[in-house]
Amino acid sequence: MFITNDIKYVGVNDKAVDLFEGQYVVPNGMAYNSYVIMDEKIAVMDTVDANFTHEWLDNVQHVLGGRKPDYLVVQHMEPDHSANIMNFVKAYPNATVVSSDKAFMMMKNFFGTDFDGKRIVVKEGDTLNLGKHVLNFVSAPMVHWPEVIVTYDSYDKVLFSADGFGKFGALDVEEDWACEARRYYIGIVGKYGVQVQNLLKKAAGLDISIICPLHGPVLTENLGYYINLYNTWSSYQPEEEGIVIAYTSVYGNTKKAVNMLAEKLKAKGCPKVTVNDLARCDMAEAVEDAFRYSKIVLATTTYNADIFPFMKEFIHHLTERNYQNRTVAFIENGSWAPLATKVMKGMLENSKNLTFAENTVRIVSALSDESIAQIDALSDELCKEYLARQDSTANKNDLTALFNIGYGLYVVTSNDGKKDNGLIVNTVTQVTNTPNRIAVAINKENYSHHVIKQSGKMNINCLTEDAPFSVFEKFGFQSGRAVDKFADCTPLRADNGLVFLPRYINSFMSLKVENYVDLDTHGMFICSITEARVIADKPTMTYTYYQENVKPKPQTEGKKGYVCKICGYVYEGDELPEDYVCPLCKHGAVDFEKIN
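Definitions and limits used
Residues numbered from 1 in each chain as written. Predicted model: local features only at pLDDT ≥ 70, side-chain atom pairs only at ≥ 80, totals over all residues. Heavy atoms only, no water. Helix = DSSP H or I, 4+ residues; strand = E, 2+ residues; numbered from the N terminus. Rg over C-alpha atoms; globule rule 2.2 N^0.38 Å. Buried < 20%, exposed > 50% of the residue type's maximum accessible area, 1.4 Å probe, protein only. Areas by Shrake-Rupley, 256 points an atom, 1.4 Å probe, with all protein chains shown as cover. Lys, Arg positive; Asp, Glu negative; His and termini not counted. Charge placed at Lys NZ, Arg CZ, Asp CG, Glu CD. Pairing = 2+ DSSP bridges. Core = buried A, V, L, I, M, F, W, Y, C linked by side-chain atoms within 4.5 Å. Contact = heavy atoms within 4.5 Å. Expected span 1.5 Å × (residues − 1). Axes fitted to C-alpha atoms, helices over the stretch in contact; angles between N-to-C directions. Arc of directions from axis to C-beta. Polar contact = N/O pair within 3.5 Å; in protein donor to acceptor, adjacent residues only side chain to side chain. Salt bridge = Lys/Arg side-chain N within 4 Å of Asp/Glu carboxyl O.

### Remarks on the overall build of the protein
Counting secondary structure elements, the protein contains 16 helices and 34 strands. Taking 25 Å as the expected radius of gyration for a compact globule of 596 residues, we find that the protein reaches 27 Å, a close match to that expectation. Once the C-alpha set of the protein is aligned to its principal axes, its extents read approximately 85 × 75 × 45 Å. Buried residues in the protein amount to 53% of all 596 residues. Accessible area for the protein stands at about 26500 Å²; split by element, carbon and sulfur atoms hold 49% of it. Of the side chains in the protein, 59 bear a positive and 75 a negative charge, and the two mean positions are spaced by 2 Å.

### Side note on the pairing of strand S17 (residues 273-277)
Within S17, four of the five residues are buried, which leaves it mostly tucked inside the rest of the structure. In this structure, strand S16 (residues 240-247) lies alongside S17, joined through five bridges in parallel fashion. Paired with Ala246 across the two strands is Asn276, which belongs to S17.

### Brief notes about the nonpolar core
Counting residues in each nonpolar core, the largest one holds 90 residues, and the members touching the most others are Phe20, Trp56, Met107, Trp177, Ile296, Leu298 and Phe314. With eight residues, helix H5 (residues 177-189) is the largest single contributor of residues to this core. Ignoring anything within four residues of it in the chain, the contact list for Phe314 reads Ala246, Leu278, Met283, Ala286, Val287, Ala290, Ile296 and Leu298. Val411, Leu463, Val499 and Val550 belong to the second-largest nonpolar core, a separate cluster that totals 34 residues.

### Focus: the side chain of Gln75
Residue position: Gln75 is located in the loop between strand S8 (71-73) and helix H2 (79-82). What makes Gln75 buried here is its relative accessible area of 1%. In this structure Gln75 touches Met45, Asp46, Glu147, Val148, Ile149, Val150, Thr151, Phe160, Ala162 and Leu214, once residues within four positions along its chain are discounted.

### What about the environment of Phe314?
Mapped onto the elements of the fold, Phe314 is located in helix H10 (residues 309-320). With 28 residues separating them along the chain, Phe314 and Ala286 place their C-alpha atoms 8.1 Å apart.

### Regarding helix H12 (residues 369-382)
An ideal rise of 1.5 Å per residue puts 20 Å on 14 residues; H12 measures up with 20 Å between its terminal C-alpha atoms. Tucked inside the fold, the buried residues of H12 contact S16, helix H8 (253-267), strand S18 (293-303), strand S20 (326-333), strand S22 (361-363) and helix H13 (384-389).

### Comments concerning the sheet that holds strand S7 (residues 43-45)
Taken together, the six strands give an open sheet; going across it, the order is S1-S6-S7-S8-S9-S10, and neighbouring strands pair in mixed fashion. The open sheet has two edge strands, strand S1 (7-9) and strand S10 (119-121), and neither has a second partner. With strand direction ignored, the average angle separating the axes of adjacent strands in the sheet is 20°. Sheet topology places S7 next to S8; three bridges connect them, and they run parallel. Residue pairing in the sheet places Met45 in a bridge with Val73 of S8.

### Topic: the environment of Pro552
Secondary-structure assignment places Pro552 in the loop between helix H16 (543-550) and strand S32 (561-564). The exposure class of Pro552 is partly exposed, given its relative accessible area of 27%.

### Considerations on the pairing of strand S23 (residues 410-415)
Of all six residues in S23, five are buried, a share of seventy percent or more. Judged from the six bridges that link them, S23 and strand S24 (residues 420-425) form a sheet pairing that is antiparallel. Looking across to S24, one finds that Val412 is bridged to Leu423. Linkage of S23 to S24, two consecutive antiparallel strands, is achieved through a turn of four residues, within which Gly417 is found at a positive phi near 95°.

### Observations regarding unusual backbone geometry
His144 follows Val143 through a cis peptide bond whose omega is 5°. Thr434 connects to Pro435 through a cis peptide bond whose omega is 0°. With respect to the helices and strands, the residue Pro435 is situated in the loop between strand S25 (428-433) and strand S26 (436-443). Positive phi outside glycine occurs at Phe115, with the angle close to 60°. By the element assignment, Phe115 lies in the loop between helix H4 (101-111) and S10. If you check the backbone angles, Asn222 has positive phi at about 50° while not being a glycine.

### A word on helix H7 (residues 223-234)
Here H7 spans 16 Å end to end across twelve residues, near enough to the 16 Å set by a 1.5 Å rise per residue. Of the positions making up H7, those classed as buried are Leu223, Tyr226, Leu229, Tyr230, Trp233 and Ser234. In a view along the axis of H7, the buried residues occupy a sector of 130°, so they form one face of it. Contacts from the buried residues of H7 go to H5, helix H6 (193-203) and strand S15 (210-212). Positive backbone phi, approximately 60°, marks Tyr236, located one or two places after H7.

### Remarks on the sheet that holds strand S33 (residues 570-572)
If you walk across this open sheet you meet the three strands as S33-S32-S34, and the pairing is antiparallel. Only two strands of the sheet have a single partner each, and these edge strands are S33 and strand S34 (592-594). Across the sheet, the axes of successive neighbouring strands diverge by a mean angle of 25°, strand direction being ignored. Sheet analysis places S32 next to S33, joined by three bridges and oriented antiparallel.

### Some thoughts on the side chain of Ser379
You can see Ser379 is positioned in helix H12. Polar contacts involving the side chain of Ser379 include one to the side chain of Lys268, which spans 2.7 Å. Once you skip the residues sitting within four places of it in the chain, Ser379 turns out to touch Leu261, Lys264, Leu265 and Lys268.

### Observations regarding the pattern of salt bridges
Within this structure, the stated rule accounts for 34 salt bridges. Close ionic contact of Lys202 with Glu124 constitutes a salt bridge, the shortest N to O distance being 3.0 Å. Placement of the pair is Lys202 in helix H6 and Glu124 in the loop between S10 and strand S11 (127-129), with a sequence separation of 78 residues. The class of Lys202 is partly exposed, set by a relative accessible area of 34%. By relative accessible area, Glu124 is classed as partly exposed at 39%. Its salt-bridge partner being Arg183, residue Glu180 comes within 2.9 Å of it at the nearest N-O pair. Taken together, the residues span about one helical turn, with Glu180 and Arg183 both in helix H5 at a distance of three residues. Neither residue differs from the other here; Glu180 and Arg183 are each classed as buried. A single network of salt bridges, built from pairs that share partners, joins Asp391, Lys396, Asp495, Glu531 and Arg533.

Spelled out as structure tokens, the structure:
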């Protein structure tokens with residue numbers, strides 16, 4: 001298989017494996033990927049599992065066409081990729097092994113030699129010249145072993161990503177990439193979100209056309225989709241709105257409660273309800289669902305003054321992988337001393353940014369009128385925002401939405417007649433209450449100012465504290481004239497026809513422009529309220545909270561120059577030009593400060 005004119009695929013498919021790493025069910029097998037870069041000098045990128053020595057060496061020999069390789073680049077020492085290093089060296093004794101210092105230490109442990117005298121130790125920023133192709137090495141510790149490096153070929157713009165962007169399944173199987181890549185990522189790499197985020201930041205500075213992972217298909221199109229998913233997974237943000245119910249049941253009474261809750265959640269507009277019987281399902285699939293969706297209900301019995309073993313194992317899987325940024329609710333069952341909720345909440349006490357539901361369902365042996373009422377109350381609480389999003393169940397005149405206006409951060413949505421648009425603002429104020437009037441100030445240079453002045457309407461979306469930095473990148477760092485900011489989602493619409501955000505808001509208000517005040521650089525729109533919905537109870541994102549908790553800390557160590565106070569971009573230079581514009585957030589020189 002040709003990746004490019006010079007890069008060839010020499011990996012293998014494993015159809016015999018039933019459990020990857022001894023624990024993950026792989027019904028469609030696995031691919032162990034390896035590549036050869038043909039140039040003035042030849043580099044082989046990684047080896048494969050020990051069960052495929054001769055098949056792999058045959059593949060390499062065929063691609064070489066009689067030539068001899070100069071280098072074996074070892075990016076990752078896990079045996080499914082490194083098992084044939086010694087066999088390669090025996091077949092090609094003049095080749096040099098290229099890897100990180102930690103990897104050579106592991107080779108000593110695996111093979112009894114660190115290949116002293118025929119090796120090149122590389123680190124972050126080092127390069128290897130093959131001719132046209134120059135390999136640039138990037139350190140990726142704990143993604144997901146400490147020795148890992150990834151490699152960027154600047155000629156063909158290919159990122160050899162080690163275990164990053166991999167998935168379960170052989171290459172000759174047609175299946176959805178995201179499902180098995182998600183299970184693979186969360187199960188194997190999920191604990192190391194911070195390290196993956198660090199690698200994504202490094203990758204953002206590379207011009208990547210192709211991603212060649214060590215498992216799964218070579219990625220050649222729509223790379224933004226895969227990178228955005230990795231950003232979501234590694235920042236522990238929910239990928240989709242929905243509720244997972246994970247349960248154990250001994251005599252069927254907890255199961256009855258779970259089924260009743262699931263039906264109520266569906267009836268009240270929850271976009272996705274997934275139920276997992278932890279005693280029977282694939283545990284890895286249940287863990288995947290927990291990380292995929294925004295809310296989870298844990299339902300189990302008190303068992304030996306503790307909780308049922310399958311639930312305990314499940315929660316251990318979550319906490320081990322840094323489960324966070326979710327809403328968690330509980331259903332407990334106990335015949336004489338229900339303790340399950342207390343135990344489960346205790347197991348989650350060190351997890352970050354979990355919101356526990358106010359309503360808990362307590363079953364004493366079997367369902368009763370009281371516990372059924374608790375199920376109804378819990379379903380109302382979990383579905384509050386879903387009910388508010390639906391025209392048929394929303395209170396469209398809930399003026400308590402006004403209480404969510406402060407010195408916060410908001411997404412203003414509009415439409416230019418062809419596509420939806422949105423931008424970040426921090427100047428929204430209630431100016432009168434009889435009648436209710438809202439003032440919104442927008443920079444005249446923003447495309448939204450032009451659109452709203454023409455259309456006379458907008459929606460104000462009050463962002464909540466769980467809004468990730470990606471929201472600010474989408475709506476604050478690019479112009480709606482140049483891009484479609486809603487191209488990757490199916491938008492929800494208010495009665496005025498404009499979009500309101502499906503996530504990360506506690507309320508929105510539809511505004512009709514009544515007056516306009518020219519403020520030189522900005523325009524102030526004085527508006528009446530045509531619709532107001534409260535979506536959730538979460539606190540509004542303030543500018544201070546954004547600065548302290550959401551905006552990435554700029555990487556200024558060892559650098560001289562200026563840093564953007566809005567997005568953290570670093571301009572390296574002695575003097576910042578007065579007309580300089582930040583390439584990320586488009587703010588001017590006035591929003592930069594000198595690095596001390």
